[in-house]
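Here is how the chains run, residue by residue.
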Amino acid sequence: MKKFSVMKQIADLFLKYTGERPESIEELPSSGSNRRYFRVKSGETSLIGAAGTSVDENIAFIEIDRDFKRKGLNVPEVYAVSEDKRFYLQQDLGDLTLFNAVAKGREAGSYSAEEVELLKSAIKELPRLQFVGGEGLDYSICFPQPSFDERMVSFDLNYFKYCFLKATGLEFSEIKLHDDFQKLSANLLEESRSETFLYRDFQARNVMIYNGAPYFIDFQGGRKGPIYYDLASFVWQAKANYSEELKRVLIETYREELKNYISIEDGLFYDKLRHFVLFRTMQVLGAYGFRGYFEKKPHFLQSVPFAIDNLRKLIKSKPFYEYPYLQELLTELTNMRQFNDIAKERQLEVRIFSFAYKKGIPSDTSGNGGGYVFDCRAIENPGKYDHYKHFIGTDKEVVDFLEADGGVLKFLDNVYALADAHVQRYIQRKFTNLMFSFGCTGGQHRSVYCAQHLAEHIAQKFNVKVILYHREQDIEQIF
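Below or above, wherever it landed, is the structure these notes cover. (Residues numbered from 1 in each chain as written. Predicted model: local features only at pLDDT ≥ 70, side-chain atom pairs only at ≥ 80, totals over all residues. Heavy atoms only, no water.)

1. A word on the overall build of the protein chain
Helix and strand counts for the protein chain come out as 16 helices and 14 strands. Over its C-alpha atoms, taken along the principal directions, the protein chain stretches across nearly 85 × 55 × 45 Å. For the protein chain, long-range pairs separated by at least 24 residues make up 71% of all intrachain contacts whose partners lie at least 6 apart in sequence. For the protein chain, the exposed surface amounts to about 22,100 Å²; the carbon and sulfur share of it is 49%. (Helix = DSSP H or I, 4+ residues; strand = E, 2+ residues; numbered from the N terminus. Contact = heavy atoms within 4.5 Å. Areas by Shrake-Rupley, 256 points an atom, 1.4 Å probe, with all protein chains shown as cover.)

Printed below as a string of structure tokens:
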């Protein structure tokens, strides 16, 4: 559709609905779809005009929106629709998306309490959208089909294979990959509820903050489907930069609200979610490949390293041995130099050491001259007692001893305050290396305990690479 023709159609619909000619029509930035949006104003009236080339997709959005609005869900009201269903007017919710509202935290690598509350306010609404929104919904109007089924899973997996995987140049066996794709599809479709709404693209860019509350847009691809897909979409959104701790908080916030509708045993819930995170991440990479490699849209190519990071952490934290060839292939993919180089350029690497003072302070191989060095020798020493001489600072016996009088906990509280401020500032300044070292007499008990706890703390709170070295114990761990 030519721009002039589209704007005229929007203007005519605005006139028909309001009785006024628009004083201004401003096209809004486009997203990944072929729909176009315009802000149309006359006096105090401001509406959003939408132009979509797919009539069926437009009908799906309009009908789902009207059903949700009747149920009291936070969606924009649709005011008027053209006779040919190619254009419609909807409520203007402003310009503040949830994604932009938490931009400072995303860029800093650590979200403020206010930003976390905004994220939680959105995820709290997801069960209502899924259960209340899905109840009695006429799924026959959904586009391109009513439900999430084997065919739709196959489409998305092939999207990843042909639009992303092949574009990387990575060699692979289509037969072996197909076999594992079939196993994954069976797991995804193993449990499906008949009346839950699958939003399909539930993520921070599709949440508007209007009058302080979250409102939801762009659900025209919604259909009947399992609850896990939308949770995976939101929590593992590629560029969101959520820490592992924040992911846990968002998931638990969702689960608390979910109890109002259904009870799911912990083990089953997390096992099912894990498979959907894998599936959604591959689907997103397929979309990025198509929009970036084929449509030449740079925004999508810039998002690829973030999705690869999500995939790398996922397959490493708990490998998908159920799909042996897929696990092997994804490991090779995430280790490809073109993705590793990009990740290294932008990600802070925090190295944490435990050591014995008598063997010297660890040297800084990054060339930045070292960082914090903490002396743990004022903490009560279990090494004075024969019982503890065969244990190290990660063993329960030593942990219990050190925590008994609380001294080590107070010590680490001070360390955490310094470390958090330093890590956050280094992320903001785009630095790539930071070092913390903990020393004690033998590098066995106190320093090991402290280094281990700081590594776990930083890895949970910030989206950075953490490498832990217990030098005297010859132990290395990567978070």
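That was the structure; now back to the text.
2. Examining the layout of surface pockets
The calculated volume of the second largest pocket comes to roughly 1,300 Å³. Surrounding the second largest pocket, 39 residues form its lining, Glu244, Arg312, Lys313, Leu314 and Ser317 being those nearest its centre. Of all the secondary-structure elements, those providing two or more residues to the lining of the second largest pocket are helix 9 (244–258), helix 10 (266–294), helix 11 (298–317), helix 12 (324–334), helix 13 (337–346) and helix 16 (446–461). Top contributing element to the lining of the second largest pocket by residue count: helix 11, with 8 residues. Class assignment for the residues of the lining of the second largest pocket results in 14 nonpolar, 11 polar and 14 charged. (1 Å grid on protein atoms, 1.4 Å probe; cavity = no way out; pocket = protein on both sides within 12 Å on 5 of 7 lines; lining within 4 Å. Points joined across faces, edges and corners; volume = space filled by probe spheres on them. Nonpolar A, V, L, I, M, F, W, Y, C, P; charged D, E, K, R; others polar.)

3. Some words on the sheet that holds strand 5 (residues 87–91)
Taken together, the 5 strands give an open sheet; going across it, the order is 1-2-3-5-4, and neighbouring strands pair in antiparallel fashion. Either end of the sheet is taken by a strand with one partner, and the two such strands are strand 1 (24–27) and strand 4 (78–81). Each neighbouring strand pair of the sheet contributes to a mean axis angle of 25 degrees, computed without reference to strand direction. Lying over the sheet, helix 2 (residues 55–70) contacts strand 4 and strand 5, oriented at roughly 145 degrees with respect to strand 4. (Pairing = 2+ DSSP bridges. Axes fitted to C-alpha atoms, helices over the stretch in contact; angles between N-to-C directions.)

4. Quick word on the pairing of strand 12 (residues 433–440)
Here strand 12 lies mainly inside the structure; 8 of its 8 residues are buried. Burial of strand 12 is two-sided: the residues Asn433, Met435, Ser437 and Gly439 facing one way and the residues Leu434, Phe436, Phe438 and Cys440 facing the other way are all buried. Across 8 bridges, the pairing between strand 10 (residues 349–356) and strand 12 is parallel. Its bridge partner lying in strand 12, Ala356 is registered against Cys440. Here strand 11 (residues 372–375) pairs with strand 12 via 4 bridges, running parallel. Looking across to strand 12, one finds that Phe374 is bridged to Phe438. (Buried < 20%, exposed > 50% of the residue type's maximum accessible area, 1.4 Å probe, protein only.)

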